[in-house]
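Residue-level structure breakdown
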Amino acid sequence: MNRAGERLINGIVKENPTFVLMLGMCPTLAVTTSAMNGLGMGLTTTAVLAMSNLFISLLRRIIPDRVRIPAFIVIIASFVTAVQLLLEGYLPELNKSLGVYIPLIVVNCIILGRAESFAYSNPPIPSLFDGIGMGLGFTASLTCIGAVREILGAGELFGYGLMPDSFVPIRIFGQAPGAFFVLAALAALQNFIKEKRRNAGRSYQKIGSGCSEDCTNCSDMGCARRFYGEKRNGTQDGGRDTGTGGLEYVNLEEEE
Amino acid sequence: MENVKDLLVLLVASSLVSNVVLSRFLGLCPFLGVSKKTNTAAGMGVAVIFVITLASAVAGLLYKYVLQRFHVEYLETIVFILVIAALVQFVEMFLRKVMPALYKALGVYLPLITTNCAVLGVALTNVQKEYGIAAGIVNGFATALGFTIAIIILAGIREKLEHNDIPKPFQGMPTVLLTAGLMAIAFCGFSGLL
C-alpha cells in the first residue's frame with residue numbers, strides 16, 4: 001500500500017507530467033482556455049490513464065514484446081472510445097467544448113509513455129496508482145494553466161467574476177496566442193529553476209524532457225523512439241549523451 | 001459541400017484561417033522540434049502534406065464504406081489510429097523500394113509522423129464535420145499546407161534569431177514559443193478573409 005501512495009505522490013509532484021516532464025503539450029495548450037475545461041480534460045485523461053495502465057499491467061505477460069505498441073494503442077483507444085461515449089451521454093456540454101481533443105487522448109505521449117515505462121513491467125496495483133497519480137498531476141497542471149488564462153483573459157475563475165471592475169481582461173490570453181505565451185513563461189521558469197539547481201549542484205536532469213530542452217525530444221526520444229526503438233531497455237546507446245529526456249525516467253523506474 | 005467554390009473556401013479556411021498548429025495546436029511536437037533549419041522544415045512539411053492527404057483519403061473511404069456500412073461508427077478512433085500507423089509504415093516500405101530518391105528526401109521524417117496528432121486530428125475532424133471524401137481530401141491537404149507554411153516561417157525566424165542576445169532563462173524553447181505566439185497573433189489576421 002505504501003508503494004501505491006508513493007506512486008501517487010510521484011505522479012502529482014516529483015514527476016508532474018506537465019510542469020516537470022513537459023509531456024503532452026498539444027492538449028495542454030489547446031484545452032486550457034478556462035479552468036473548467038482544463039479540469040475536465042485532466043480528469044478524462046486520468047480515467048483513461050488509470051484504466052489503460054491497469055489493463056496493460058494485467059495483460060503484460062500475455063502481450064508479446066514485439067507487438068506491444070500496437071497492443072497498447074488498441075487498449076488505450078478502446079478506453080478513450082468508452083470515455084468519449086460516456087461523456088457524450090452524461091456531460092454533453094464538456095464533450096462539446098473539448099471536441100476533437102477527447103479522441104486525441106489516444107496519441108497523448110503521457111499515456112503511451114506510462115504504459116511502456118511503468119505498466120508493462122510492474123504489477124497491477126502500483127500501475128493503477130501510477131496512472132491515477134500521473135493523471136491527477138496532469139489535471140492539477142491543466143487546471144492551474146487554465147485558471148491563469150481564464151483570470152487574465154476574462155477576469156473570471158470557474159465562471160465566477162473575480163477581478164475588480166477596473167480590470168480590463170486581456171482577451172488574447174483566452175485565445176490561441178495566449179497559450180503559447182503562458183507556455184513560454186512556464187518554460188522560461190523551468191530553465192531558471194534548472195539553472196539554479198545546476199549551480200547548487202543538485203540533480204536537474206529529470207526536469208523538462210518533452211518540449212523545453214532541445215525539442216527534437218518529443219520526436220527523437222519520446223513517442224517515435226518508443227515506436228521504433230529496437231531495444232526496450234537499451235537506453236544507454238547512441239544519441240543519448242545529453243542525459244536528459246523522456247527515456248531518463250524510464251531508467252529511473254527500472255532501477256527501483 | 002462538393003462544388004468547387006466550397007472546396008476553395010475550405011482550402012483557405014483550413015490552411016490559413018484556422019491554422020493547424022497556430023490555432024488548433026495539433027502537431028506541435030514536429031513544429032517545435034524540426035524547425036531549426038529551413039531545409040529540414042521544408043522536408044518535414046512535404047512529408048506531412050503527403051501523409052495527411054493520403055491518410056485523409058484512406059480514412060474517408062474506410063469510414064464511408066466500412067464503418068458506416070456496418071454501423072460501427074463508434075470504432076472510428078481505434079480504426080483510424082491503427083490504419084494511420086500501418087499506412088505510414090507501408091508508405092515507408094513502398095518508397096524505399098520504388099522511389100529511393102524520394103525516400104532519401106522524406107524517409108527520416110516519416111516515422112516521426114505516425115505519432116503526430118495532426119494526422120489523426122484531421123481524420124477525426126473530417127468525420128465530425130461530415131465532409132464528403134473529396135472535401136475530406138481537400139481539408140487534409142489544406143491543413144497540411146497550413147502546417148508547412150507555419151513551420152517554414154518559424155524556421156526562417158529561428159535562423160535569424162540564432163545569434164541574438166537573449167536573457168538566459170529565455171534561451172531555447174521559451175523564445176521559440178514566444179515567436180510562435182506572435183505568429184499566432186499574425187495568423188489571427190486571416191480570420192477577416194472569410
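Anything mentioned here points back to the structure above.
These remarks concern the structure in this document. Here the structure is a predicted model, which is why all the values come from computation and not from measurement.

This part takes up the overall build of chain A. Within chain A, the secondary structure is distributed over 10 helices and 2 strands. Counting from the amino terminus, chain A carries its helices and strands in the arrangement α-α-α-α-α-α-α-β-β-α-α-α. Looking at chain A residue by residue over its 256 residues, the buried ones come to 57%. When contacts within chain A are restricted to residue pairs at least 6 apart in sequence, long-range pairs at least 24 apart make up 70% of them.

When a protein is soluble and globular, its nonpolar side chains tend to lie buried together. A:Phe72, A:Leu104, A:Phe180, B:Phe31 and B:Phe80 are the most contacted members of the largest nonpolar core, which totals 107 residues. Top contributing element to this core by residue count: helix H3 (residues 38-67) of chain B, with 11 residues. When near neighbours in sequence (up to four residues on either side) are disregarded, A:Leu104 contacts B:Leu26, B:Cys117, B:Leu120, B:Gly121 and B:Leu124. Counting residues in hydrophobic clusters, the runner-up holds 5 residues, among them B:Leu10, B:Tyr131, B:Ala135 and B:Val138.

All right, on to the packing of H3(B) against helix H7 (residues 117-128) of chain B then. Two packed helices can be described by the angle between their axes and the distance between those axes. Residues and elements named next belong to chain B. Running from N to C, H3 and H7 cross one another at 40 degrees; their axes reach a closest spacing of 9 Å. The angle between H3 and H7 places the two elements in the oblique class. Crossing angle aside, the handedness with which H3 passes H7 is right-handed. In this structure, H3 contributes Val51, Ile52, Ala55, Ser56, Ala59 and Tyr63 to the contact, and H7 contributes Ala118, Val119, Val122, Ala123, Asn126 and Val127.

Time to look at the packing of helix H1 (residues 2-14) of chain A against helix H7 (residues 124-154) of chain A. Residue and element names in this part refer to chain A. It is the contact of H1 with H7, at a shortest axis distance of 7 Å, that shows an interaxial angle of 25 degrees. Considering their axes alone, H1 and H7 lie roughly parallel with respect to each other. For the pair H1 and H7, the sense of crossing is right-handed. Facing H1, whose interface residues are Arg3, Ala4, Arg7, Leu8, Asn10, Gly11 and Ile12, H7 presents Pro126, Phe129, Asp130, Ile132, Gly133, Met134, Leu136 and Gly137. For the contact of H1 with H7, a count of residues per class yields 8 nonpolar, 4 polar and 3 charged.

Where the parts come together, the accessible area they lose is often given as the size of the interface. Contacts between the two partners involve 42 residues from chain A and, on the opposite side, 42 residues from chain B. Roughly 3,700 Å² is buried in total at the junction of chain A and chain B, and carbon and sulfur atoms are behind 78% of that figure. The interface formed by chain A and chain B contains 1 salt bridge. A:Glu195 is paired through a salt bridge with B:Lys168; the nearest N and O atoms lie 3.6 Å apart. The interface formed by chain A and chain B holds 3 residue pairs in polar contact (both at pLDDT 80 or more) in total.

A few words on the pattern of salt bridges. All names here are of chain A. Under the definition given, this model contains 8 salt bridges over all chains. Among the ionic pairs, Asp65 bridges to Arg68, the shortest N-O distance being 3.9 Å. Residue class for Arg68 comes out buried when judged on its relative accessible area of 7%. Several salt bridges share partner residues, and in doing so they unite Glu6, Arg7, Arg114 and Asp130 into one network.

Now for unusual backbone geometry. All names here are of chain B. Of note, Phe25 is a non-glycine position whose phi angle comes to about 60 degrees, a positive value. Within the secondary structure, Phe25 sits in the loop between helix H1 (4-17) and helix H2 (28-33). Phe25 gets classed as buried once you look at its relative accessible area, which sits at 3%. Even without being glycine, Glu130 reaches a positive phi, approximately 55 degrees. For Glu130, the position within the fold is in the loop between H7 and helix H8 (133-161).

Conventions and cut-offs
The residue numbering used here restarts from 1 in each chain and proceeds along that chain's sequence as written. Throughout, the order in which chains and ligands are written sets their labels, letters from A for the former and numbers from 1 for the latter. Where local features are concerned, this predicted model is filtered to residues with pLDDT of at least 70; where side-chain atom pairs are given and counted, the filter is 80 or more; whole-chain, interface and lining totals use all residues. With hydrogens and water stripped out, all remaining heavy atoms of the structure feed into the side-chain values. Numbering of helices and strands runs from the N terminus, with a helix taken as a DSSP run of H or I at least four residues long and a strand as a DSSP run of E at least two residues long. Using a 1.4 Å probe on the protein chains alone, a residue whose accessible area is under 20% of its type maximum counts as buried, one over 50% counts as exposed, and one in between counts as partly exposed. In this description, contact between two residues means that some pair of their heavy atoms is separated by no more than 4.5 Å. Definition used in this section: a nonpolar core is a set of buried Ala, Val, Leu, Ile, Met, Phe, Trp, Tyr and Cys residues joined via side-chain atoms within 4.5 Å. Every axis in this analysis is a line fitted to C-alpha atoms, fitted for helices over the stretch in contact. Angles between the N-to-C directions lie between 0 and 180 degrees. Note on angle classes: values under 35 degrees are labelled roughly parallel, values over 145 roughly antiparallel, values of 65 to 115 roughly perpendicular, and the remainder oblique. Crossing handedness: left-handed means the near helix sits turned counterclockwise from the far one by under a right angle, and right-handed means the same turn made clockwise. Each residue is assigned to one class: nonpolar for Ala, Val, Leu, Ile, Met, Phe, Trp, Tyr, Cys and Pro, charged for Asp, Glu, Lys and Arg, and polar for all the others, Gly among them. Simply put, the buried area is the total loss of 1.4 Å probe accessible area from both parts when two parts are fitted together. Here a salt bridge means any side-chain nitrogen of Lys or Arg lying within 4 Å of a carboxyl oxygen belonging to Asp or Glu. Each polar contact in these results corresponds to two N or O atoms within 3.5 Å; when the atoms are within protein, one needs to be able to donate a hydrogen and the other to accept it, and residues that are neighboring in sequence are counted only if both atoms are side-chain atoms.

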